[in-house]
Amino acid sequence: MVLKAPTAVLDKETIALTIDGSRVEAPKGATVLQAALDAGIYIPTLCYDPDLTPYGGCRLCVVEIDGMRGLVSSCTTPAADGMVVHTETPRVSQSRRITMELIIANHHGDCLTCAKNQRCDLQKVARYLGIEEEHFGRLRRGTQLLPLDESNPFFTRDLNKCILCAKCTRACHEVAAVGAIDLAFRGYSAKVCTAGDKPIVESTCESCGECVVRCPTGALVPRQSRQATRQVKTICSYCGTGCSLFLGVRGNEVVEVQGDRESPVNRGSLCVKGRFGFGFINSSDRLTAPLIKKDGQFVKASWDEALDLVASKLSNYKGDQFAAVSSAKATNEENYVVQKFARAVMGTNNVDHCARL
Ligand code: SF4
Ligand code: SF4
Ligand code: SF4
């Protein structure tokens, strides 16, 4: 028996509905999918993203709702007070399996060699739905192979693994506000395109990676893509915006960067430098000791030796003859010391920094 959700105790901004027999409260304006997910009820989807306009494209989130004819996609259906929703009926399961089989039939990819293996939403949803190889016997698999786009220095595009969920195109329009890519062509020829179907590097793409982090498959993957074993929360040091991020660390090496969705500054977004510009951290070119030029060659020196040399040279300058230029790759504390030194010791306000947004 399904219980009707009472509404008497709710405030004006909250509604109550019933999902799979449980009473669920949701804010007014929420979709059925959001109400279910917030209540811990899983509904599979491949095109939903909380930051993007609902698209209703993958058709995996279909549910049955009492009083409505046919199946409806829960990501585009507003939740209503007193609504009774069923997320796991035989009809729903059959529809999802057929949809998933069609998606996979058109998907070229070898999971073992795919950078997304074990982190792939397509794999996860297929596993949830119990899709097995034997289901494909009656389906004609797609044969068209599209060329890899490796033109971007930070990520690769393999449209053979694309499931046309449009997360990337929506992210590019709605989050990055760039519009470098869009869905084009129809039927089997439909694909994600740049203007004129040129390589991504020849488009207006700013390499922010907002599309890459949202792609549910291996169609968009960072070139440097190794799985981290732990995350370290920190602030991006590149500019004065102060985006919050997580450094993915493996051993003693930074292998990936993720934006912090909880940060009010960047809400998970990052620019190309913050997201992909971490190679310098573990670069073998980084200096680990001071160098002093002797006979035209830089040679390693001790810190005492280097500091004595700098101090003796600086005594020749005073006031505005001197300027200090600091670096975003130094810590805030180190940058504070640089400006303090310029003002208090050298007697000048000539202080600059590459992060002065
Ligand atoms: S995108 Fe996912 S399903 Fe496709 S090959 Fe890669 S890991 Fe496998
Ligand atoms: S990297 Fe950024 S700008 Fe380029 S296509 Fe993706 S979202 Fe658009
Ligand atoms: S490239 Fe990825 S995010 Fe874009 S439509 Fe294809 S699967 Fe979706």
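Values in this document were obtained by computation on a predicted structure and should not be read as measured data.

Undergrad: Mind laying out the side chain of T45, listing which residues take part and the relevant values?
TA: Tracing the chain through its elements places T45 in the loop between α1 (32–38) and β3 (62–65). T45 sits in the buried class, given a relative accessible area of 18%. A distance of 3.3 Å separates a polar side-chain atom of T45 from the backbone nitrogen of C47.

Undergrad: Mind laying out the state of the cysteines, listing which residues take part and the relevant values?
TA: Taken as a whole and assessed by the stated rule, the structure comprises zero disulfides. You can see C239 has no disulfide; the closest cysteine sulfur is in C243, sitting 6.2 Å from it. Exposure remark for C239: the relative accessible area of 27% places this residue in the partly exposed category.

Undergrad: Lay out the sheet that holds strand β2 (residues 22–27) in plain terms, naming residues and giving numbers.
TA: Strands sit in the order β2-β1-β5-β3-β4 across an open sheet of five strands; the sheet is mixed. Unpaired on one side and paired on the other, β2 and β4 (72–73) mark the two borders of the sheet. Inspection of the sheet shows β3 paired to strand β5 (residues 84–86) by two bridges, in the antiparallel sense. Within the sheet, the bridge partner assigned to I65 lies in β5 and is V85. Its contacts with the sheet place helix α2 (residues 90–105) against β3 and β5, and it is angled at close to 160° to β3.

Undergrad: Let's hear about the site of ligand 2: which residues, and what values?
TA: Taken together, the residues surrounding ligand 2 are F155, C172, V178, I181, C205, E206, S207, C208, G209 and C211. Among the detected pockets, ligand 2 sits in the second largest cavity. Class assignment of the residues belonging to the shell around ligand 2 gives a composition of seven nonpolar, two polar and one charged.

Undergrad: Before we move on, can you summarise the domain arrangement of the protein with the specific residues and values?
TA: Each assigned domain of the protein is listed with its residue range as follows: domain 1 (14–88), domain 2 (226–286) and domain 3 (292–353). For domain 2 and domain 3, the distance between their C-alpha centres works out to 28 Å.

Undergrad: Tell me what's going on with the layout of surface pockets, and back it up with residues and numbers.
TA: Considering only enclosed or pocket space, the largest pocket measures out at about 1,200 Å³ in volume. Along the wall of the largest pocket there are 46 residues; nearest its centre are K116, V212, V213, R214 and Q258. If you tally residues by element for the lining of the largest pocket, the top one is strand β12 (residues 253–259), at five residues. When grouped by side-chain class, the residues that make up the lining of the largest pocket number 21 nonpolar, ten polar and 15 charged. A domain split of the lining of the largest pocket shows at least three residues from each of domain 1 (14–88) and domain 2 (226–286).

Undergrad: Can you lay out a nonpolar patch on the surface for me, pointing to particular residues and giving the numbers?
TA: On the surface, a cluster of nonpolar side chains totalling about 270 Å² of accessible area is made up of L37, Y42 and Y128. Among the secondary structure elements, Y128 is positioned in helix α3 (residues 121–129).

Undergrad: Give a description of the sheet that holds strand β11 (residues 244–250) that names residues and reports values.
TA: Spatially, β10-β11-β12 is the arrangement adopted by the three strands of the open sheet, whose pairing is antiparallel. With partners counted over all chains shown, the strands left at the sheet margins are β10 (230–235) and β12, one partner each. Here the average twist between neighbouring strands, direction ignored, is 30°. Summarising the sheet, β11 and β12 pair through six bridges and their orientation is antiparallel. Paired with G248 across the strands is E256, a residue of β12.

Undergrad: Break down the nonpolar core for me, with residues and values.
TA: Across soluble globular proteins, you tend to see nonpolar side chains buried next to one another. Membership of the largest hydrophobic core comes to 21 residues, with the highest contact counts inside it found for L17, I19, V32, A35, V63, I65 and V85. Looking at this core, the elements with two or more residues in it are β1 (14–19), β2, α1 and β3. Sorting elements by how many residues they give to this core places α1 first, with four residues. In this view, I65 contacts V32, V72, T77, M83, V84 and V85; residues no more than four positions away in its chain are not counted.

Undergrad: Residues and numbers for the site of ligand 1, please.
TA: Surrounding ligand 1, one finds H107, G109, D110, C111, C114, K116, N117, C120, L122, Q123, T217 and G218. Residue classes in the shell around ligand 1 are distributed as four nonpolar, six polar and two charged.

Undergrad: Please set out empty space enclosed by the protein residue by residue, giving values where relevant.
TA: What the rule picks out here adds up to two cavities of 30 Å³ or more. Roughly 130 Å³ of volume is contained in the largest cavity. The wall of the largest cavity is formed by 19 residues, among which C162, C168, V192, C215 and L220 lie closest to the centre. Elements supplying a minimum of two residues to the lining of the largest cavity: β6 (155–157) and α4 (167–175). Looking at side-chain class alone, the lining of the largest cavity contains 16 nonpolar, one polar and two charged residues. Across the lining of the second largest cavity, the residue classes break down as ten nonpolar, two polar and two charged.

Criteria and thresholds
- Residues numbered from 1 in each chain as written.
- Chains lettered and ligands numbered in written order.
- Predicted model: local features only at pLDDT ≥ 70, side-chain atom pairs only at ≥ 80, totals over all residues.
- Heavy atoms only, no water.
- Helix = DSSP H or I, 4+ residues; strand = E, 2+ residues; numbered from the N terminus.
- Buried < 20%, exposed > 50% of the residue type's maximum accessible area, 1.4 Å probe, protein only.
- Polar contact = N/O pair within 3.5 Å; in protein donor to acceptor, adjacent residues only side chain to side chain.
- Disulfide = S-S within 2.5 Å.
- Pairing = 2+ DSSP bridges.
- Contact = heavy atoms within 4.5 Å.
- Axes fitted to C-alpha atoms, helices over the stretch in contact; angles between N-to-C directions.
- Near = heavy atom within 4 Å.
- 1 Å grid on protein atoms, 1.4 Å probe; cavity = no way out; pocket = protein on both sides within 12 Å on 5 of 7 lines; lining within 4 Å.
- Sits in = over half its atoms within 2 Å of the grid points.
- Nonpolar A, V, L, I, M, F, W, Y, C, P; charged D, E, K, R; others polar.
- Domains from an automatic or database assignment.
- Points joined across faces, edges and corners; volume = space filled by probe spheres on them.
- Patch = residues over 30% accessible without salt bridge, like charges linked within 9 Å, V, L, I, M, F, W, Y side chains within 5 Å.
- Areas by Shrake-Rupley, 256 points an atom, 1.4 Å probe, with all protein chains shown as cover.
- Salt bridge = Lys/Arg side-chain N within 4 Å of Asp/Glu carboxyl O.
- Core = buried A, V, L, I, M, F, W, Y, C linked by side-chain atoms within 4.5 Å.

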